[in-house]
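Residues per chain are reported as follows:
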Amino acid sequence: MDLRGKKAFVAGIGDDQGFGWAIAKALAEAGAEVLIGTWAPILKIFTMSWESGKFDESRKMKNGKLFEYKKLYAMDAMFDTMDDVPQEVRENKRYAGLTGYTLSEVAAQVAKDFGKIDILVHSLANAPEVTKPLLETSRKGYLAAMSSSSYSLVSMIAHFGPHMHRGGSVLSLTYIASERAIPGYGGGMSSAKAALESDTRTLAWEAGRKWGLRVNAISAGALRSRAAKAIGMIDDMIAYAKANAPLQKDLEAEEVAFAATFLASATAVTGHVLYVDNGMHAMGMAVDSQAIQTRS
Ligand code: NAD
């Protein structure tokens with residue numbers, strides 16, 4: 001896939017372990033210029049790690065060069081304008097000295113710096129109460145999950161849309177807990193993913209008609225990223241998939257990134273949720289179930 005001449009903004013990169021990193025690198029390998037959005041409170045640690053060479057091994061691209069980004073933007077997807085930012089956040093020492101991190105400001109700055117972009121990637125999620133079952137999740141925790149993990153996509157498209165080329169691609173990352181019960185994926189994250197997938201269809205319609213944009217999501221299988229480790233049972237999720245999915249192998253972030261570059265290039269694909277999960281979604285039976293073992 002040839003993305004030479006295209007500009008991409010990838011939101012949700014905090015280290016070299018997650019989907020955002022792999023997608024940014026794959027887009028760069030396909031020739032795109034890549035801009036990065038990193039959550040404001042971890043910006044310092046990310047840049048220090050980058051500069052110290054911690055990511056150098058992961059930065060190696062197939063052509064032998066090191067992956068580079070054009071510019072890094074501090075962002076917080078919970079906020080649309082500075083009026084939304086509570087005083088305690090403004091005064092938090094991890095936000096000290098940072099400005100322009102709300103979504104409207106980031107979109108305006110990207111447009112000022114680079115003009116129109118072609119690819120927008122939303123690879124971020126957060127639920128402060130993710131380890132709690134839905135029944136024990138507070139209203140505040142539930143709404144925070146929806147705000148940072150789902151509404152953030154609506155807001156990103158609203159603010160970046162006017163600064164994207166027609167035919168441009170918007171992509172978010174979702175998980176099958178949106179449509180099937182996954183015990184332990186709590187704090188309202190399952191609800192947030194359901195909203196994200198529904199919004200993918202509505203936004204495909206609205207942003208398609210308004211700006212000629214395409215909006216898709218990848219429903220990815222389990223990956224041991226920093227965010228996934230916070231759920232507290234990622235190793236169980238990976239082991240379960242390996243035991244029960246049609247393809248009995250680990251899911252690599254690069255496989256999801258490959259699908260992301262395909263969606264960036266697929267000019268007639270929009271409103272779609274694409275499973276990239278070793279086929280796990282197709283199963284209706286756990287073949288490693290104790291119930292089966294006991295009977296046979
Ligand atoms: P990750 O930790 O690499 O990425 C999540 C990023 O979201 C982090 O960089 C974090 O700093 C950022 N973030 C959190 N709150 C933010 C905010 N308010 N503003 C801006 N950034 C914020 O982990 P990942 O697993 O690669 O997650 C990327 C996406 O993939 C998420 O949407 C996640 O739900 C989804 N996903 C993950 C898995 C999995 O098993 N890891 C499976 C399916 C879908």
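Refer to the structure above for everything that follows.
Residues numbered from 1 in each chain as written. Predicted model: local features only at pLDDT ≥ 70, side-chain atom pairs only at ≥ 80, totals over all residues. Heavy atoms only, no water.

Moving on to the pattern of salt bridges. Applying the stated criterion across every chain, the model contains 12 salt bridges. Measuring nitrogen to oxygen at the nearest pair gives 3.1 Å for the salt bridge that ties Asp 15 to Arg 226. Highlighted residues: Asp 15 in the loop between strand S1 (7–11) and helix H1 (19–29) and Arg 226 in helix H8 (residues 226–231), separated in sequence by 211 residues. Overall, Asp 15 belongs to the buried group, its relative accessible area being 13%. In this structure, Glu 57 and Lys 60 form a salt bridge, with 3.0 Å as the shortest nitrogen-oxygen distance. (Salt bridge = Lys/Arg side-chain N within 4 Å of Asp/Glu carboxyl O. Helix = DSSP H or I, 4+ residues; strand = E, 2+ residues; numbered from the N terminus. Buried < 20%, exposed > 50% of the residue type's maximum accessible area, 1.4 Å probe, protein only.)

For the rest of this paragraph, the subject is the packing of aromatic side chains. The tally for this structure, following the rule as stated, stands at 12 aromatic pairs. A centroid spacing of 5.9 Å and a plane angle of 65° characterise the contact between Phe 9 and Tyr 73, whose relative ring orientation is edge-to-face. One end of the pair, Phe 9, is in strand S1; the other, Tyr 73, is in strand S3 (residues 71–75), with 64 residues separating them in the sequence. With a centroid separation of 4.6 Å and an interplanar angle of 65°, the aromatic rings of Trp 50 and Tyr 69 are classed as edge-to-face. Note that Trp 50 is positioned in helix H2 (residues 43–51) and Tyr 69 in the loop between helix H3 (56–59) and S3, a separation of 19 residues in sequence. An aromatic cluster is present here, built from Trp 21, Phe 46, Trp 50, Phe 55, Phe 67 and Tyr 69 joined pairwise through their rings. (Phe/Tyr/Trp six-rings, centres within 6.5 Å; stacked < 30°, edge-to-face > 60°.)

Let us now look at the pairing of strand S2 (residues 33–39). For S2, a buried count of five out of seven residues is recorded, marking the element as mostly surrounded by other parts of the structure. The β-α-β motif built from S1, the intervening H1 and the parallel element S2 has right-handed crossover chirality. The pairing of S2 with S3 spans five bridges and is parallel. Counted as the bridge partner of Thr 38 is Ala 74 from S3. (Right-handed = clockwise from strand over helix to strand, strands pointing away. Pairing = 2+ DSSP bridges.)

Turning to empty space enclosed by the protein, a few remarks are in order. In the structure shown here, the tally under the stated rule is two cavities of 30 Å³ or more. What the largest cavity holds in volume is close to 80 Å³. What lines the largest cavity is Gly 221, Ala 222, Ile 238, Ala 241, Lys 242, Ala 245, Leu 247, Lys 249, Asp 250, Leu 251, Asp 277 and Asn 278. Among the residues making up the lining of the largest cavity, the classes are represented as six nonpolar, two polar and four charged. In this structure, the second largest cavity occupies an estimated 50 Å³ of space. In terms of lining, the second largest cavity is formed by Gly 14, Asp 15, Ile 42, Ile 45, Phe 46, Ser 49, Lys 54, Phe 55 and Arg 226. Here the lining of the second largest cavity takes three residues from H2, the largest share from any one element. Across the lining of the second largest cavity, the residue classes tally to four nonpolar, two polar and three charged. (1 Å grid on protein atoms, 1.4 Å probe; cavity = no way out; pocket = protein on both sides within 12 Å on 5 of 7 lines; lining within 4 Å. Points joined across faces, edges and corners; volume = space filled by probe spheres on them. Nonpolar A, V, L, I, M, F, W, Y, C, P; charged D, E, K, R; others polar.)

Below, the discussion takes up unusual backbone geometry. We note that Asn 278 has phi near 60°; this positive angle belongs to a residue other than glycine. Among the structural elements, Asn 278 can be located in the loop between strand S7 (273–276) and helix H11 (290–295).

Around the ligand there are 27 residues in total, and Phe 19, Ala 77, Lys 193, Leu 223 and Ser 225 lie nearest to it. Contact between the ligand and Trp 39: a nitrogen atom at 3.4 Å from a side-chain N or O atom of the residue. Interatomic distance of 3.4 Å between a backbone N/O atom of Leu 173 and an oxygen atom of the ligand. In the complex, the protein chains occlude 94% of the 820 Å² of accessible area that the ligand would expose alone. Its atoms largely coinciding with the cavity grid, the ligand occupies the largest pocket. Contributions of two or more residues to the shell around the ligand are made by strand S5 (164–174) and H8. Per-element tally for the shell around the ligand: the top contributor is H8, with three residues. In terms of residue class, the shell around the ligand is made up of 16 nonpolar, eight polar and three charged. (Near = heavy atom within 4 Å. Polar contact = N/O pair within 3.5 Å; in protein donor to acceptor, adjacent residues only side chain to side chain. Areas by Shrake-Rupley, 256 points an atom, 1.4 Å probe, with all protein chains shown as cover. Sits in = over half its atoms within 2 Å of the grid points.)

Before going further, it helps to examine a nonpolar patch on the surface. Residues Met 1, Phe 258 and Phe 262 make up a contiguous nonpolar surface patch of roughly 330 Å² in combined accessible area. Looking at the element boundaries, Phe 258 is found in helix H10 (residues 253–265). Residue Phe 258 is classed as exposed on the basis of its relative accessible area, which comes to 55%. (Patch = residues over 30% accessible without salt bridge, like charges linked within 9 Å, V, L, I, M, F, W, Y side chains within 5 Å.)

Worth remembering: the numbers are spatial, not functional.
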